[in-house]
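Residue-level structural notes
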Amino acid sequence: MISDATKPEAVHHVLEAASAFQAALVTWFRQVGRTYPWRETQDPYAILVSEMMLQQTQIATVLDRGYYERWLEAFPTVEALAKAPEDAVLKAWEGLGYYRRARSLHQLAIVVCAEHDGRLPETLEGMLALPGVGRYTAGAVLSFAHDLSVPLVDGNVHRVFARLFDFRQEVDRPAGQKQLWAWAEALVPKDGARAYNSGLMELGQTICAQKQPDCPACPVRDFCQTRDPVALPVKTKRKATEFVEEHVWWCLREGKLRLVQETGKRRKGLWKLPECGEADSRGSLLYKAKYSITHYRVTLHVHACEETLTEGQWHPLASIPALAMPAPYRKAVQQLLAESKEFKLTHT
DNA sequence: GAACCGTGGGC
DNA sequence: TGCCCAAGGTT
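A few points on the structure. (Residues numbered from 1 in each chain as written. Chains lettered and ligands numbered in written order. Predicted model: local features only at pLDDT ≥ 70, side-chain atom pairs only at ≥ 80, totals over all residues. Heavy atoms only, no water.)

1. What to know about the side chain of Glu 202
Mapped onto the elements, Glu 202 comes out in helix H12 (residues 193-205). Here Glu 202 falls in the buried class, since its relative accessible area comes to 2%. Sequence-distant contacts of Glu 202, that is, excluding residues within four places in its chain, are made with Trp 28, Phe 29, Val 32, Gly 33, Arg 34, Tyr 36 and Arg 39. (Helix = DSSP H or I, 4+ residues; strand = E, 2+ residues; numbered from the N terminus. Buried < 20%, exposed > 50% of the residue type's maximum accessible area, 1.4 Å probe, protein only. Contact = heavy atoms within 4.5 Å.)

2. Let's talk about the protein's contact with DNA strand C
Around DNA strand C, the surrounding shell holds 26 residues, and the nearest of these are Trp 38, Gln 56, Thr 137, Asp 154 and Arg 159. Between DNA strand C and Gly 132, the relevant distance is 2.8 Å, taken from a phosphate oxygen to a main-chain nitrogen or oxygen of the residue. Going through the elements one at a time, helix H2 (44-54), helix H9 (135-146), helix H10 (155-164) and H12 are the ones with two or more residues in the surface near DNA strand C. (Near = heavy atom within 4 Å. Polar contact = N/O pair within 3.5 Å; in protein donor to acceptor, adjacent residues only side chain to side chain.)

3. Considerations on the protein's contact with DNA strand B
Within the structure, DNA strand B sits among 21 residues, and Arg 173, Lys 239, Arg 266, Arg 267 and Ala 327 are positioned closest to it. The sugar-phosphate backbone supplies 63% of the atoms of DNA strand B found within 4 Å of the protein. Within the contact set of DNA strand B, a phosphate oxygen lies 2.6 Å away from a side-chain nitrogen or oxygen of Arg 267. For DNA strand B, a phosphate oxygen lies 3.2 Å from a polar atom in the side chain of Lys 331. At the level of elements, strand E5 (285-293) and helix H13 (327-339) are the ones that each hand at least two residues to the surface near DNA strand B.

Below you can see the structure in the form of structure tokens.
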């Protein structure tokens, strides 16, 4: 941490020296900016896919676990995605979470094929009209793919701007957002927005990191107004954890497993084990695990089912790997199948 | 404008 | 362990 004694005052104000700020940032980015697959292309669709996947999701998850590469192989163009069945789209997203993103991207492809001849819009209004595309994603696609002068604000920019401007309001409230977007608009250059926006995010990701920011190495330290970077940005408190018990059936008969498809807002379209009814009718406990979803801490219990269920459908064991399932159920099903005699008989 | 939506990783 | 975080968007 930088002490107050050694941290100098900003020698320039960002807004009064925008060109110098932009130049310092872009020069630094061109020297040390990392290469990602989505920085190697100017295909707006490929860039959009990366931006959708990266919403609230770490780069390592998207990259190291192969989601981005597999997606573009399965759905290489807007047309290919538009023609794909939703089951296949959700399967490709399995394990990434926030499944609305996958359904939005699929719907987006269908709309773009129907109304824009398969080409993504090149205007802010056009992009914002698409499902799952907000101001950040629109700005990212337009600046990264087309080098258009459009601002963007994401979690990295929250951090960089909060520190740069010594901004002590909560960044995740509407008032804070309004201020951050105003600064982003004021600072985005007319030319070279691709490198500038990339550099802004890269800075927030590396030197201007959440913990242990490396201020001495910062290319724009002369513009920075805060003396206490670690305290910024300020965020609202998150909701307290609630503990929930979840009981589901393991109903396996003649090589088929009973599953239900989610229809509500949560995990819509994905398959899960049927929920148990009355506590006193539950069979023996086969599996128990804990997982988190949003602010809930869930204990999942899987019980042996002896009766006949009316809800859900039978799925042959061979078809189960192709179904999209939420991660906690996928893990439970995999473990229980591995233990199951029926499975061993058909797979050995 | 607050609440909601998944998951895996870091400490 | 429990809590925070991560290239946000929708309701």
